[in-house]
Amino acid sequence: MPQNNYEYFLLMPQIIIGIGIVLSVIIEITSKKSEQILPWFSIAMFLATAVYSILDINRNFVLFGGMIEVGGKPAIFNFIFNIGAALVVLSSIDYLKKYGTYYGEYYILVQSSVLGMMVMSGARDILMIFMGLELMSICFYVLAGINRKKFSANEASMKYFLLGAFATGFIVYGIALIYGTTGSTSIQNLSENFSVYSTNIVFILGLIIFLIGFSFKIATVPFHMWVPDVYQGSATTVTGLMSTTGKAAAFSVLIVVLTAVFGSNTHNIVRPYFATISALSMVFGSIVAISQNNLKRMLAYSSIAHAGYMAIGLAAGNAYSIAGIIFYLTAYAFMNIGAFAIISIVEDENDSRVDLNSFAGLHSKSPILAAMMALFMFALAGIPPLAGFFGKYYVFVSAIQSNLTWLAIVGVLSSVISVYFYIRVVVVMYFKDSVEDFKITISSFSLAAVVIAALFVLVFGIVPDTLMNVITSVIR
Amino acid sequence: MEQNLLLTYLLFTPVIGSVLVLFFRNEQKQLARWFGLIVSLIAFVISLVIYFRFNPTNPQFQFIYQVTWIKSLNISYHVGVDGISLLLVLLTTFLTPLTLLSTWKAIEKNVKMFTFSMLFLEAGMLGVFISLDIFLFYIFWEAMLIPMYFIIGIWGGERRIYASLKFFIYTMFGSLLMLVAIIWLTVYASGMLGKFTTSLVDLYKVGPTIPHQIQGWMFGAFFLSFAIKVPIFPLHTWLPDAHVEAPTAGSVILAGVLLKMGTYGLIRFCLPLFPQSAVQYAPLVSVLAVIGIIYGALVSMVQTDMKKLVAYSSVSHLGFVVLGIFAMTVESVQGAVIQMINHGLSTGALFLLVGILYERTHRRDIAFYGGIAKIVPLYATILMIASLSSIGLPGLNGFIGEFLILLGSFKSSVLNSWWFTIFAATGVIFAAVYLLWMYQRIVFGEVKNEELKHELTDMNLREMIVMVPILFFIVWIGVYPNTFLKLTEASTQSILQQVGTYTVNLLK
């Protein structure tokens, strides 16, 4: 345990972003050129945080009397959040111009949401988790409606807010029950005395309600109702952010809480729960995505399915599965942000051109965009040797290690189903001629974001060790 | 262990070639064509070097190269060949340049992308045949779906989208179940060996010790994946669609090499990894194989489309191969391997010949043709040889494979019944019926359509360059099969020995 006056230094990633938010507000107030400065400033903050977190990964401490953890697993999550957010901001620059909805708040809110995620992933106290969650969620509610002149964006924002608040209510109620029975909000305490508490039915109820609240946040069936409308209505780049980093943050909490449970060898009480929602999400997400014509909606259902794959890891609940989930989350972040960035390039200012027909013949309109989209689709479908395949592979291995072979089989079967709708995008891009005649103006910033995401997908697919070694080194 | 880089050079030649071709400009069609041809010829030369350095008396894997790839999962890039895989590698490197050459006129749309796909596909197929790590095998097995999917989908016929989707999802279904089995096997092996391993050589020791009932499931998962690829009746329905809609080059590679990946998988994985289950289910599989032989032949007979006829004949011919593999005698398995090569050559040749007609007239229905012997005598002769080779006329290659398979299955102690042989032999007769009947309707008689006289021209030099090497090997295997049988003998014996040691009790 470091000396008290060092604790603030160790908290540097959160501090960088915090200062970034304050400076961004000042820039937005004082500078007339804030539209040019802010995006690059926030990208710089994100990159600084990401790099700092990775360099600091081995200095793993719990600070402030067991409130927040730095280094280790949180550092990897910080990396995912910040790189993801940097890519989203990069692809938002021209997207926001296209819609004519530049508000400086956009970048400030993205930074604030990332700070919330970082608090969530580091939290070692249930109240800290709640704080981080609220910071992230409230930023997301606003970001979802950032295209405020659009009816669908308002609808998405409202829906997200109402259902999100409902889920938050669940979480608070769960926390209240847990605190009421244990007299403590510390996860450390929870994990040490789990065997004592687990005999108390009210405590278990509180835990289950807490988990249900987070099942909303990771978008698993049957708590998925908000996902399609919100993902479809929100600004495309924001959807990219919510569906990847937001999901990663919620998973980071589940991993922390469940590790406390796994640690005492009684994870059996949550295994049936996670196995069920995982199987339901995979099958439901994959089947319903087939009938979607709107790409954003299709990716929303696919994100439900992917949450299901990741939940396999939660059900399996061994050290290997945690590594698998983190790998999956990283891979998924790059695949999905890339895909949404491409949609944001193709769509026009009237919220149209996001359905399959608009992608028809994309190959002849822009070979590079089509090739990248095909890459992301194959990666999402889990074709080797791309990053998405290894994500699935790791969680399937962990499932079989935990004698959940049936879950792995459900997983591969829904992968087969999902191949159909991912490949359909490739079909229209390459095999069909263009239906609507329009010209795509490719923003070079967005394209850069797409290419960077594609590089990550390729590198993590061809040499998965680059990422896996880092993950396993902190999981021990 | 001694490391040998030859196979790596072989594998990476088309990979590098396919990447380089992406840098060409779209207009540089001719350059892309020549480039693709030269790259695939280099790969062929490397495979010849491997052939001449190969020691056929050694049943072990040779030209091994192993280097760790994914350390956290103990997966390595581990390649090597034995006699069986060497023959298939040679078939792949031999057919690829010929198919590339055959498309010089037929493919005008996006030549660059086509060359890329073909070279990428070649790398994938080679990877499947030379992988000695089950995980590496799986990656190549899946990755090669993508180029084939594009080849059917972009350059295919009218219903190409339906066909390519069906092909993709059908194969993906089987292979993902195999993935679960692979993971289960490796997790089980890590308990047995004390380390997580995906090396085939290690797994050979573990597979046969799996408890009986679970082994049955594992065998089933692997078998399903391979059976879809072969395809074994009743999982064959994707094949006619894919074949008919694919461009000629796609059909040739599909029939010539891709289907062999399924039968290769049966020999390399199903038999040695799960010997007890393989022996137990051999009669059942053989029944399916025989049904496939007869069914494929009967359906071929009634086809009005030449390409579909040849496609269904594949179902019939591959039935022989599966029967040979599951008869599990040295003769039958060697015959099956030779038959794999034969089918690649003769069906490849038939698809090429159908393609040559189609390029000129854009018609594939048999009824349209008739009496073309007078217009294109050279073509008629070559079609004759290819058909006879596919029928299994003594002196040509088809006979050797079918004879060995029938002989081996007759005295097989695993099948233990000569009914299989009798029914399978009828397939040979049916083959003669449908192929000769097609030949008669197309080539003989009066010229049916006047337009044929204007449109049809005899084979040109490029097409001859494509066909002559194939005909050369058709005759070589028919006259002196020893060159090829010699290669596979030791490897076959070693696989059957692995099966034999674990199943001695079962057979008594």
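Residues numbered from 1 in each chain as written. Chains lettered and ligands numbered in written order. Predicted model: local features only at pLDDT ≥ 70, side-chain atom pairs only at ≥ 80, totals over all residues.

Engineer: If you had to explain the overall build of chain B to someone new, which residues and values would you point to?
Structural biologist: Along its length, chain B carries 20 helices and 2 strands. Against the 2.2 N^0.38 benchmark of 23 Å for 508 residues, chain B shows a C-alpha radius of gyration of 22 Å, consistent with a compact globule. Considering chain B as a whole, with its 508 residues, one finds that 60% of them fall into the buried category. Within chain B, contacts between residues separated by at least 24 positions form 81% of all contacts whose residues are at least 6 apart in sequence. (Helix = DSSP H or I, 4+ residues; strand = E, 2+ residues; numbered from the N terminus. Rg over C-alpha atoms; globule rule 2.2 N^0.38 Å. Buried ≥ 20, exposed ≤ 12 C-beta atoms within 10 Å, placed from the backbone. Contact = placed C-beta atoms within 7 Å.)

Engineer: Describe the overall build of chain A, listing the residues and the values that go with them.
Structural biologist: When its secondary structure is counted, chain A shows 21 helices and 2 strands. Computed over C-alpha atoms, the radius of gyration of chain A comes to 21 Å, within 12% of the 23 Å expected from 2.2 N^0.38 for 476 residues, which places it in the range of a compact globule. Principal-axis analysis of the C-alpha atoms gives chain A an extent of 65 × 55 × 40 Å. Burial status across chain A gives 60% buried among its 476 residues.

Engineer: If you had to explain the interface of chain B and chain A to someone new, which residues and values would you point to?
Structural biologist: In this complex, chain B contributes 24 residues to the contact, which on the side of chain A involves 25 residues. For the side of chain B that touches chain A, the secondary-structure elements that each account for two or more residues are α5 (134-143), α6 (145-155) and α7 (160-193) of chain B. Examining the composition of the side of chain B that touches chain A, we find that 14 residues originate from one element, α7(B), more than from any other. Looking at the side of chain B that touches chain A, its residues break down into 19 nonpolar, 2 polar and 3 charged. (Nonpolar A, V, L, I, M, F, W, Y, C, P; charged D, E, K, R; others polar.)

Engineer: Give a detailed account of the environment of Gly153(B), specifying residues and quantitative values.
Structural biologist: Counting through the fold element by element, Gly153(B) comes out in helix α6. Here the alpha-carbon distance between Gly153(B) and Ala163(B), two residues 10 residues apart in the chain, equals 7.8 Å. In this structure Gly153(B) touches Val427(A), Tyr430(A), Phe431(A), Arg160(B), Ile161(B) and Ser164(B), once residues within four positions along its chain are discounted.

Engineer: Please set out the environment of Phe445(A) residue by residue, giving values where relevant.
Structural biologist: All names here are of chain A. Mapped onto the fold, phenylalanine 445 is located in helix α20 (residues 444-462). On a C-alpha basis, the gap between phenylalanine 445 and isoleucine 417 in space is 34 Å, while along the polypeptide they are 28 residues apart. Setting aside chain neighbours within four positions, we find phenylalanine 445 in contact with Leu90, Ser91, Ile93 and Asp94.

Engineer: Before we move on, could you go through the packing of helix α3 (residues 83-102) of chain B against helix α19 (residues 461-479) of chain B and cite the residues and values that matter?
Structural biologist: Two quantities define a packed helix pair, namely the angle between the helix axes and the distance between the axes. Residue and element names in this part refer to chain B. Contact geometry of α3 with α19 gives a least axis separation of 9 Å together with a crossing angle of 155°. Regarding the angle of α3 to α19, the classification is roughly antiparallel. Between α3 and α19 lies a crossing whose hand is left-handed. In this structure, α3 contributes Leu98, Leu101 and Ser102 to the contact, and α19 contributes Arg462, Ile465, Val466, Pro469 and Ile470. Partitioned by chemical class, the residues of the contact of α3 with α19 number 6 nonpolar, 1 polar and 1 charged. (Axes fitted to C-alpha atoms, helices over the stretch in contact; angles between N-to-C directions. Parallel < 35°, antiparallel > 145°, perpendicular 65-115°, else oblique. Left-handed = near helix turned anticlockwise from the far one by under 90°.)

Engineer: Describe unusual backbone geometry, with residues and values.
Structural biologist: Trans peptide bonds make up most of the peptide bonds, and negative phi angles are found at most residues other than glycine. Here the amide bond leading from Val221(A) into Pro222(A) is cis, since omega sits at 5°, within 30 degrees of zero. Mapped onto the elements, Pro222(A) comes out in the loop between α10 (201-217) and α11 (226-233). At the junction of Phe233(B) and Pro234(B), the peptide bond is cis and its omega measures out at 0° in the coordinates. Topologically, Pro234(B) is positioned in the loop between α9 (212-229) and α10 (238-245).

Engineer: Account for the nonpolar core, naming residues and giving values.
Structural biologist: Residues Met373(A), Met377(A), Val457(A), Val180(B), Cys270(B) and Val322(B) are the most contacted members of the largest nonpolar core, which totals 384 residues. Sort the elements by how many residues they give to this core and helix α15 (residues 319-346) of chain A lands first, with 21 residues. If we ignore the near neighbours within four places in the chain, the residues touching Val180(B) are Phe396(A), Thr405(A), Ala408(A), Ile409(A), Val412(A) and Ala221(B). (Core = buried A, V, L, I, M, F, W, Y, C linked by C-beta atoms within 7 Å.)

Engineer: Please set out helix α13 (residues 271-290) of chain A residue by residue, giving values where relevant.
Structural biologist: All names here are of chain A. Its 20 residues place the ends of α13 29 Å apart at the C-alpha level, agreeing with the 28 Å of an ideal helix rising 1.5 Å per residue. Regarding α13, the residues found buried are Arg271, Phe274, Ala275, Ile277, Ser278, Ala279, Ser281, Met282, Gly285, Ser286, Val288 and Ala289. Contacts made by the buried residues of α13 are with α10, α14 (295-316) and α19 (405-430). (Expected span 1.5 Å × (residues − 1).)

Engineer: Before we move on, could you go through α3(B) and cite the residues and values that matter?
Structural biologist: Its 20 residues place the ends of α3(B) 29 Å apart at the C-alpha level, agreeing with the 28 Å of an ideal helix rising 1.5 Å per residue. Where burial is concerned, most of α3(B) is hidden: 19 out of the 20 residues are buried.

Engineer: Tell me what's going on with the pairing of strand β1 (residues 62-70) of chain B, and back it up with residues and numbers.
Structural biologist: All names here are of chain B. Across 6 bridges, the pairing between β1 and strand β2 (residues 75-81) is antiparallel. Looking at β2, one finds that isoleucine 70 is bridged to isoleucine 75. Connecting β1 to the antiparallel partner β2 that follows it, the hairpin turn spans 4 residues, and asparagine 74 within it adopts a positive phi of roughly 55°. (Pairing = 2+ DSSP bridges.)

Engineer: How would you summarise the environment of Leu41(B) if you had to cite specific residues and measurements?
Structural biologist: Along the polypeptide, Leu41(B) turns up in helix α2 (residues 29-53). On the basis of neighbour counts, which here come to 16 C-beta atoms within 10 Å, the residue Leu41(B) falls in the partly exposed class.

Engineer: Now, about the confidence of the model for chain B: what can you tell me, with residues and values included?
Structural biologist: All names here are of chain B. A residue-level look at chain B finds 99% of positions with pLDDT of 70 or above and a mean pLDDT of 86. Within chain B, no element has a lower average pLDDT than helix α18 (residues 450-455), which sits at 76, and none a higher one than α3, at 90. On the interface metric, ipTM, the complex scores 0.83, and its pTM is 0.88. (pLDDT = per-residue confidence, 0-100.)

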